[in-house]
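Close look at the chain arrangement
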Amino acid sequence: MAKERGKSTYQMYNRRLHSSIQARRTLERQFEQALGGNEFHALFQPKVDRKGRIIGAEALARWNSPELGQIPPDQFIPVAESSGLIIPFGREILDLALREWQRCVCAGEGEEKPVLAVNLSPFQFGHPDLVRDIQRALEKTGFDPALLELEITETGIMRDQDEAEKKLLQLNEMGVSIAIDDFGTGYSSLKKIKDFPVGTIKIDKSFLENLNFSRKSSTIINAIIGLSHDLGFSVVAEGVETLDQLEFLQEAGCNIYQGYLFDKPLAIEELASRFTVRYYPVLLNAGS
Ligand code: C2E
Ligand code: MG
Ligand code: MG
Ligand code: MG
């Protein structure tokens, strides 16, 4: 009996494994075919300052596959990475985001121009052509490097620190700024990041999610914000969904927010229309 059961469990496991491998292959094949077509686009999620002004936005990739439907980035980015297709994909999405930004957001003659943030996976950051790719994309679109920020996770810069530092310095010299994404989920310390030319720390949204359940989370966020400011970093809180969270962040001294409380990732035209309104009402009466 046990042996029978053992066998069928194994077969079931094997079948599931097989079908998950199949599913992954299908995804990979469809992803490869999608490159260079019209299946990818970017949405833009605003970053809001203390007074409720939009100071920039983050480009977030979307894949609408005619065969498979809408696939979220958490599903296709890992496949893109393991297949190496993240490199051509990254070039495509960067070009696209820069062009859309030029067309809709940079056109107006404001004083403080909003900054576009683009995500780079550790695999992209580690690629030898990275700096050249960024340079080329900026030149091709005539994009002001000072208006581009790259979001890289801790693992992206901690893998080969000497190489990472060299790249970050080159990007910095070009005028491009760097943010550390999902900070607090990896193993790096702010002290270590201080050695790199990084301007901004983005606190991972999991800390905010746990705020109500765990005193430790609030202690950690407070510590990250305080220490980051002492070290000269800007701090962005991602995943701000409730007024309670916003109030907590304001008290903790965090000045830049991003999350559903303000807006979900938006089509570029929607984002552009937000600039005409200028302020988010929840922050309109906030202290300066
Ligand atoms: P991320 O860069 O940390 O982006 C934040 C994610 O949180 C986004 O998910 C965003 O839509 C979501 N989010 C924003 N506000 C809230 C909120 O208030 N509550 C909650 N629960 N979620 C919120 P998304 O768009 O699904 O992207 C997931 C991840 O995929 C990104 O995490 C990033 O690591 C990666 N990704 C997205 N676009 C690109 C891209 O163009 N290139 C690369 N390499 N990675 C990308
Ligand atoms: Mg990001
Ligand atoms: Mg993040
Ligand atoms: Mg993330």
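Before any of the text, the structure's been laid out above.
Overview of the structure. Given the structure is predicted, the values throughout are model-derived calculations rather than measurements. (Residues numbered from 1 in each chain as written. Chains lettered and ligands numbered in written order. Predicted model: local features only at pLDDT ≥ 70, side-chain atom pairs only at ≥ 80, totals over all residues. Heavy atoms only, no water.)

1. As for the side chain of S65
For clarity, the threshold we go by: A helix here means a DSSP run of H or I that spans at least four residues, while a strand means a run of E at least two residues long, and both kinds are numbered starting from the N terminus. A 3.5 Å cut-off defines polar contacts: any pair of N or O atoms within that distance qualifies, except that in protein one atom must be a possible hydrogen donor and the other a possible acceptor, and neighbouring residues in sequence count only when both atoms are side-chain atoms. Note on contacts: a residue pair is in contact if any heavy atoms of the two residues lie within 4.5 Å.
By the secondary structure assignment, S65 is in strand β2 (residues 54–65). For S65, the side chain forms a polar contact with the main-chain nitrogen of L68, separated by 2.9 Å. In this view, S65 contacts Q30 and E39; residues no more than four positions away in its chain are not counted.

2. Examining the nonpolar core
The condition is simple: To qualify as a nonpolar core, a set must consist of buried Ala, Val, Leu, Ile, Met, Phe, Trp, Tyr and Cys residues joined through side-chain atoms within 4.5 Å. When a residue's accessible area, from a 1.4 Å probe over protein chains only, is under 20% of the maximum for its type it is buried; when over 50% it is exposed; and in between it is partly exposed.
With 64 residues, the main nonpolar core has F44, L116, I134, L148, I157, L171 and L249 as its most contacted residues. When neighbours within four sequence positions are excluded, L148 is seen to be in contact with L98, V115, L116, V118, I134, L138, F143, V176 and S177. One finds A80, I86, I87 and F89 within the second-largest nonpolar core, a separate group that totals 16 residues.

3. Here's the deal with the environment of F76
Inspection of the secondary structure assignment puts F76 in helix α2 (residues 73–83). Linking F76 and F31, residues 45 residues apart in sequence, is a C-alpha distance of 7.8 Å. With near-sequence residues (within four places) excluded, F76 lies in contact with F31, A61, R62, W63, I71 and F89.

4. Digging into the pattern of salt bridges
Stated precisely, the cut-off is as follows: Whenever a carboxyl oxygen of Asp or Glu lies within 4 Å of a side-chain nitrogen of Lys or Arg, that contact is scored as a salt bridge.
Counted according to the given criterion, the structure contains 14 salt bridges. A salt bridge links K47 to E151; the shortest N-O distance between them is 2.9 Å. Here K47, found in strand β1 (residues 40–49), pairs with E151, found in strand β5 (residues 148–153); they are 104 residues apart in sequence, far enough to count as distant. On the basis of relative accessible area, K47 is assigned to the buried category, the value being 5%. For E151, a relative accessible area of 1% translates into the label buried.

5. A few points about the pairing of β2
What counts is decided by this rule: For two strands to be treated as a pair, DSSP must find at least two bridges joining them.
Among the twelve residues in β2, nine count as buried, and that is most of the element. Bridging between β1 and β2 involves nine bridges; their strand directions are antiparallel. Across the sheet, H41 pairs through a bridge with R62, a residue of β2. Taking the residues that link successive antiparallel strands as the turn, the β1-β2 hairpin has four residues, and the phi of G52 there is positive, at about 90°. Inspection of the sheet shows β2 paired to strand β4 (residues 115–120) by four bridges, in the parallel sense. Bridge pairing in β4 places A59 opposite V118. Bridging between β2 and strand β3 (residues 69–71) involves three bridges; their strand directions are antiparallel. Of the residues in β3, the one forming a bridge with N64 is Q70. What sits between the antiparallel neighbours β2 and β3 is a turn of three residues.

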